[in-house]
Amino acid sequence: LRTEQTQDGVFRRAPKCALILHNGHGNDNETTGHGTVVIWSTCNYPTSTVEKKIIFLLSCLCGKGLAPDMARKGASAVLAWDEVYIFNARGDPDPLKDPLVQLFFMPILQGFQKVLQGYPAGEWKNTIVSEYAKAISNPNVPPHVQSNLAWDANHLVLCGDPNARI
């Protein structure tokens, strides 16, 4: 799949999708795929790649410019961070088993599953924020991790319709 994370690969497949979860590096106005190749750039992509879709940009800063642009171009809902997305890891050989990584990423996947089950896009955001809040209130979670979770929860934005469904 990494080789398909090119602009051409995404633009070819995106019109057929109702739900997109994109992971890449980003800034206010663009997000990248494999090899830091730009995928979406504000005002520079076919409308068909975002129209009538729920999109999640797991990419720093995209909530400032790119996500609102996608919503204006017809995306039903776009979730993204309007600041740098921060997460912690212990450095376990298998990141899927790293308990700190799980605190940050499992709520994203839980929200994704809810949208697949027919819940609205707003529930995706609510799931992430509420799961982060649980971890923040857990005294076993180190304070620096709690701080990063709070930062991420405060900077997750939803552009478009929170009631959008796939």
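A few points on the structure.

About the criteria used
- Residues numbered from 1 in each chain as written.
- Predicted model: local features only at pLDDT ≥ 70, side-chain atom pairs only at ≥ 80, totals over all residues.
- Heavy atoms only, no water.
- Helix = DSSP H or I, 4+ residues; strand = E, 2+ residues; numbered from the N terminus.
- Buried < 20%, exposed > 50% of the residue type's maximum accessible area, 1.4 Å probe, protein only.
- Contact = heavy atoms within 4.5 Å.
- Areas by Shrake-Rupley, 256 points an atom, 1.4 Å probe, with all protein chains shown as cover.
- Expected span 1.5 Å × (residues − 1).
- Arc of directions from axis to C-beta.
- Pairing = 2+ DSSP bridges.
- Axes fitted to C-alpha atoms, helices over the stretch in contact; angles between N-to-C directions.
- Parallel < 35°, antiparallel > 145°, perpendicular 65-115°, else oblique.
- Left-handed = near helix turned anticlockwise from the far one by under 90°.
- Nonpolar A, V, L, I, M, F, W, Y, C, P; charged D, E, K, R; others polar.
- Right-handed = clockwise from strand over helix to strand, strands pointing away.
- Polar contact = N/O pair within 3.5 Å; in protein donor to acceptor, adjacent residues only side chain to side chain.

## A short note on the overall build of the protein chain
- Helix and strand content of the protein chain: five helices and seven strands.
- Along its sequence from the N terminus, the protein chain presents helices and strands in the succession α-β-β-β-β-β-α-β-α-α-α-β.
- Expressed as a percentage of the 166 residues in the protein chain, the buried residues total 42%.
- The contacts of the protein chain with a sequence gap of at least 6 include a subset with a gap of at least 24, amounting to 60%.
- In the structure as shown, the protein chain presents an accessible area of about 8,400 Å², 53% of it carried by carbon and sulfur atoms.

## Considerations on helix H5 (residues 143–154)
- Between the first and last C-alpha of H5 there are 16 Å, a value that for 12 residues agrees with the 16 Å anticipated at 1.5 Å per step.
- Turning to H5, its buried residues number three or more, namely Val 145, Gln 146, Asn 148, Leu 149, Asp 152 and Ala 153. Along the long axis of H5, the arc covered by the buried residues comes to 165 degrees, so they all point the same way. Projecting away from the buried face of H5 at angles above 90 degrees are the exposed residues Pro 143 and Asn 154.

## Quick look at the sheet that holds strand E2 (residues 26–27)
- As summarised here, the arrangement of the three strands in space is E2-E3-E4, forming an open sheet in which the pairing is antiparallel. Where the open sheet ends on each side, the last strands, each with one partner, are E2 and strand E4 (38–41).
- Both strand E3 (residues 30–32) and E4 contribute to a ladder of three bridges, which runs antiparallel. Of the residues in E4, the one forming a bridge with Thr 32 is Val 38.

## Focus: the packing of helix H3 (residues 99–116) against H5
- Where H3 meets H5, the axes come as close as 11 Å, and the angle between the chain directions of the two elements is 15 degrees. When the axes of H3 and H5 are compared, the pair comes out roughly parallel. The way H3 lies across H5 gives a crossing that is right-handed. On the side of H3, the interface is formed by Leu 100, Leu 103 and Phe 104, while H5 contributes Val 145, Asn 148, Leu 149 and Asp 152.
- Grouping the constituent residues of the contact of H3 with H5 by class yields five nonpolar, one polar and one charged.

## Comments concerning the environment of Trp 124
- Position of Trp 124 relative to the elements: it lies in helix H4 (residues 121–136).
- Between the C-alpha atoms of Trp 124 and Ile 108, which are 16 residues apart in sequence, the distance is 7.3 Å.

## What about the pairing of strand E5 (residues 54–58)?
- With respect to burial, E5 is a largely interior element, five of its five residues being buried.
- Burial along E5 is two-sided: the face carrying Ile 54, Phe 56 and Leu 58 and the face carrying Ile 55 and Leu 57 are both buried.
- As judged from the five bridges shared by strand E1 (residues 19–23) and E5, these two strands associate in the parallel manner. Each residue of the ladder has a partner; that of His 22, found in E5, is Leu 57.
- Relative to strand E6 (residues 77–81), E5 runs parallel, the two being bridged by four bridges. Each bridged residue has a counterpart across the sheet, and for Phe 56 the counterpart in E6 is Leu 79.
- Read from E5 through helix H2 (residues 66–72) to E6, the crossover connection turns out right-handed.

## A word on the side chain of Ser 59
- Secondary-structure assignment places Ser 59 in the loop between E5 and H2.
- Under the relative-accessibility criterion, Ser 59 is labelled buried at 1%.
- A polar contact is formed between the side chain of Ser 59 and the backbone oxygen of Gly 24, at a distance of 3.0 Å.
- Reaching out from Ser 59, the side chain makes a polar contact with the backbone nitrogen of Gly 26 at a distance of 3.1 Å.
- When sequence neighbours within four positions are dropped, the list of residues in contact with Ser 59 reads Gly 24, His 25, Gly 26, Thr 31 and Trp 81.

Without other data, these values stay purely geometric and don't point to any function.
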